[in-house]
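# Coordinate analysis (summary)
Residue strings, one per chain:
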Protein chains: 2
Amino acid sequence: MSSIDSTTVESLNSIPISEADFYIGLCLAVSSSAFIGSSFIIKKISLKKLNKVGLRASAGGFGYLKDWTWWIGFLTMGVGELANFGAYAFAPASLVTPLGALSVLVSAILASKFLHETLNANGKMGCILCILGSIVVVIHAPHSEEFPSMDALMVRVLEPDFLYYVFIVSVIVIVIMFFLGPRYGNKYVAVYVALCSATGSLTVMSCKALGLAIRSSISGDLPTKDVWMVIVIFCAVICFICLQMNYLNKALDVFETSIVTPVYYVMFTTMVIVVSAILFKEWVNMEATSVLGAICGFGITVVAIFLLSYSNKKTNEHPLAPSRAVIRQYGSNTLLSRTV
Amino acid sequence: MSSIDSTTVESLNSIPISEADFYIGLCLAVSSSAFIGSSFIIKKISLKKLNKVGLRASAGGFGYLKDWTWWIGFLTMGVGELANFGAYAFAPASLVTPLGALSVLVSAILASKFLHETLNANGKMGCILCILGSIVVVIHAPHSEEFPSMDALMVRVLEPDFLYYVFIVSVIVIVIMFFLGPRYGNKYVAVYVALCSATGSLTVMSCKALGLAIRSSISGDLPTKDVWMVIVIFCAVICFICLQMNYLNKALDVFETSIVTPVYYVMFTTMVIVVSAILFKEWVNMEATSVLGAICGFGITVVAIFLLSYSNKKTNEHPLAPSRAVIRQYGSNTLLSRTV
């Protein structure tokens, strides 16, 4: 009887992901960064072209809808977001999120090639570091992370430590929304970005749950009783994304993209790593050197992002950044690219 | 009979170093960098003080010999060089040499603290990267490298691949000394630095041999017939160091320290890693990910050194650099700090 119990308990724990899943997730994460990074540049090329011939998008023109370049950019972004979602379904979040740095790298390289934005010495070093840091992240990424079923995930979600995390996130969100935001949101970049990052960490976990549900339903393992749960999670994802989008736009409205990007990357990735560690206990079985290596890898990508961001500060044109007016008009995709 | 043969052959191969040796070597390498890094600053403080009261050292004054600060700097440097020599005796060269980056870090931090040389954003990022890169280097350093006896080392040294390397180094040295140096030495920083690095790689290997000899003689395992070999190696080390010192000073005479330091670090460390790989075959039994990690770690420290060097370029005062006149007068210690 006790052996059956322990089996049940074990079947509810997170299990090591297969090597194949890990590499599928890795490829999806890298290609997602490539697509998202390019999409920014394609859209920017389109908007530049339109600025020459007609009404600026920021002034209310809809000419961009007739431009095939804009649509290619839109499509590229969509493919990138899908790949990102897929990456989260296959690989650990602590691998996928830090690799978001590669999208900044791709943007920077393409911007220097197609938009003639010069990449200075700092930018070049940022590019090299971005690649080196990402390799270190991949080498030391945790491999054990997957729940065998939705039931197992839900049991884990309802344990105190995760609920405690959700409680803290809720407090952060409410405090910033109603108290800190109105007072300090326009003074300190970290205020709104903290709200986005805290919410974003839950978005990522919800997306992982959705990914699990989709994979279960494809293999026919999703019980009908779990469908309502999937619907609830889906609605939660939509809410989280709207919240993030709203507050990220507030931050981008006040601060330079070159400031917001690195701060957002650091806060968001840190919180995803924390929540992922709580939910999947992925670090428990790792060697100390691997944990240290993973921290170093993340630290290196952070420096890379700062270098890349600073390198474009002088020109005021970050490769990731469409003009602020455009962001206000159409919403920022940087948010999606980093969370879903 | 064949089993005896294979045992003999095995006893001549390099063997895994013990964990204790690895960590002793690591501690020596780190403390050596700390001592050498501080010694530059202590000497600089002394020279600054003397400049105020008397004849400048570069103008022929010997006042520095009466200054206790200068002697503390001299002593610190000596202790650092000894620790560095010890580090090579215990740990793989592919670990010790890249960690030389830490001396630049220590100099930069102390210079900003005691010499009021401001550390700009690049410098700060360089410091962080230097630490992160060094950790990655340590995590992925090869562990199997040690010859059981001087005989085993000599058998290995006389094998074609190492002799081939020595031949290439000799060609590089002769070509630069007599052909490239006089024509391009003052135009391209890489010319004289290549000579220093090529010679330096042999200095390091000779120092490892001396270290082995000293350890063997302490444990009473050094046959009397090997003593002449030790003397030859010792003389070789002296020659190599003189050659390096001469040509490094030539390079420093023409180019900024902020240019020479990173180029020298890259070339010297690369050549040490190459010769160490040839002689000790330390990479053969390593996993692909560890080799990749080691390469990334080295790459990261390279970027760190560039950032630290660039950060001080504007002030023309690299923490590693005494004034050029001082270098001409007393010889540069940067050479020793990186090779012995």
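Scroll up a little and you will see the structure.
Criteria and cut-off values
Residues numbered from 1 in each chain as written. Chains lettered and ligands numbered in written order. Predicted model: local features only at pLDDT ≥ 70, side-chain atom pairs only at ≥ 80, totals over all residues. Heavy atoms only, no water. Least-squares fit on C-alpha atoms with pLDDT ≥ 70 in both. Contact = heavy atoms within 4.5 Å. 1 Å grid on protein atoms, 1.4 Å probe; cavity = no way out; pocket = protein on both sides within 12 Å on 5 of 7 lines; lining within 4 Å. Points joined across faces, edges and corners; volume = space filled by probe spheres on them. Helix = DSSP H or I, 4+ residues; strand = E, 2+ residues; numbered from the N terminus. Nonpolar A, V, L, I, M, F, W, Y, C, P; charged D, E, K, R; others polar. Salt bridge = Lys/Arg side-chain N within 4 Å of Asp/Glu carboxyl O. Buried < 20%, exposed > 50% of the residue type's maximum accessible area, 1.4 Å probe, protein only. Disulfide = S-S within 2.5 Å. Buried area = accessible area lost by both parts, 1.4 Å probe. Polar contact = N/O pair within 3.5 Å; in protein donor to acceptor, adjacent residues only side chain to side chain. Core = buried A, V, L, I, M, F, W, Y, C linked by side-chain atoms within 4.5 Å. Expected span 1.5 Å × (residues − 1).

## Some details on the relation of the copies chain B and chain A
Superposition of chain B onto chain A requires a rotation of 180 degrees combined with a translation of 0.0 Å along the rotation axis, giving an RMSD of 0.0 Å. Overall, the copies show the geometry of a two-fold rotation axis. The residues that chain B uses at the interface reappear at the interface of chain A in 100% of cases, marking a shared surface.

## A look at the layout of surface pockets
Roughly 1000 Å³ of volume is contained in the largest pocket. Sorting the residues of the lining of the largest pocket by element identifies helix 2 (19-53), helix 6 (121-139) and helix 12 (288-311) of chain A together with helix 2 (19-53), helix 6 (121-139) and helix 12 (288-311) of chain B as the ones contributing at least two each. Considering only residue class, the lining of the largest pocket consists of 24 nonpolar, 14 polar and five charged.

## Some details on the pattern of salt bridges
Per the stated rule, a full pass over the model turns up six salt bridges over all chains. A salt bridge links R215 of chain B to D21 of chain B; the shortest N-O distance between them is 2.9 Å. Placement of R215 of chain B in helix 9 (residues 189-218) and of D21 of chain B in helix 2 is noted, with a sequence separation of 194 residues between them. R215 of chain B sits in the partly exposed class, given a relative accessible area of 27%. Each of R156, E159 and D161 of chain A takes part in a single network of salt bridges with overlapping partners.

## Some remarks on the state of the cysteines
On inspection of all chains with the given rule, the structure shows zero disulfides over all chains. In this model C242 of chain A remains outside any disulfide bridge; the closest cysteine sulfur is found in C239 of chain A, 6.7 Å from its own. Judged by relative accessible area, which is 48%, C242 of chain A ranks as partly exposed. Of the cysteine sulfurs around C235 of chain B, a residue in no disulfide, the closest is that of C239 of chain B, at 6.8 Å.

## Examining the interface of chain B and chain A
Contacts between the two partners involve 19 residues from chain B and, on the opposite side, 19 residues from chain A. Carbon and sulfur atoms make up 91% of the surface buried where chain B meets chain A, a total of about 1600 Å² over both sides. Here chain B and chain A share zero salt bridges between them. Put simply, chain B and chain A have two residue pairs in polar contact (both at pLDDT 80 or more) between them. Taken together, the residues of the side of chain B that touches chain A break down into 14 nonpolar, five polar and no charged.

## Focus: the nonpolar core
Among the nonpolar cores identified, the biggest contains 169 residues, and L95 and L129 of chain A together with L129 of chain B are the most heavily contacted of them. Discounting residues that sit within four places of it in the chain, L95 of chain A has contacts with F22, L26, V137, V138 and A141 of chain A.

## A word on the environment of S33 of chain B
All names here are of chain B. On the secondary structure map, S33 appears in helix 2. When the C-alpha atoms of S33 and M77 are compared, they prove to be 9.7 Å apart, with 44 residues separating the residues in sequence. Other than its neighbours up to four places away in sequence, S33 contacts L99, G100, L102, S103 and V106.

## Brief notes about helix 9 of chain B
Since there are 3.6 residues in each turn of an α-helix, residues three or four apart along the chain are aligned in direction. Residue and element names in this part refer to chain B. For helix 9, spanning 30 residues, the distance from its first C-alpha to its last is 43 Å, which sits close to the expected 44 Å at 1.5 Å a residue. Most of helix 9 sits out of view: 25 of its 30 residues are buried. Positive phi shows up at G220, right after helix 9, with a value of about 75 degrees.

## Remarks on helix 6 of chain B
End to end, helix 6 of chain B covers 27 Å across 19 residues, agreeing with the expected 27 Å (1.5 Å per residue, within 8%). For helix 6 of chain B, the secondary structure elements touched by its buried residues are helix 6 and helix 12 of chain A together with helix 4 (93-96), helix 5 (101-114) and helix 12 of chain B. With a side-chain oxygen lying 3.2 Å from the backbone nitrogen of N122 of chain B, the N-terminal cap of helix 6 of chain B falls on N120 of chain B.

Purely geometric stuff here, so don't read any function into it on its own.
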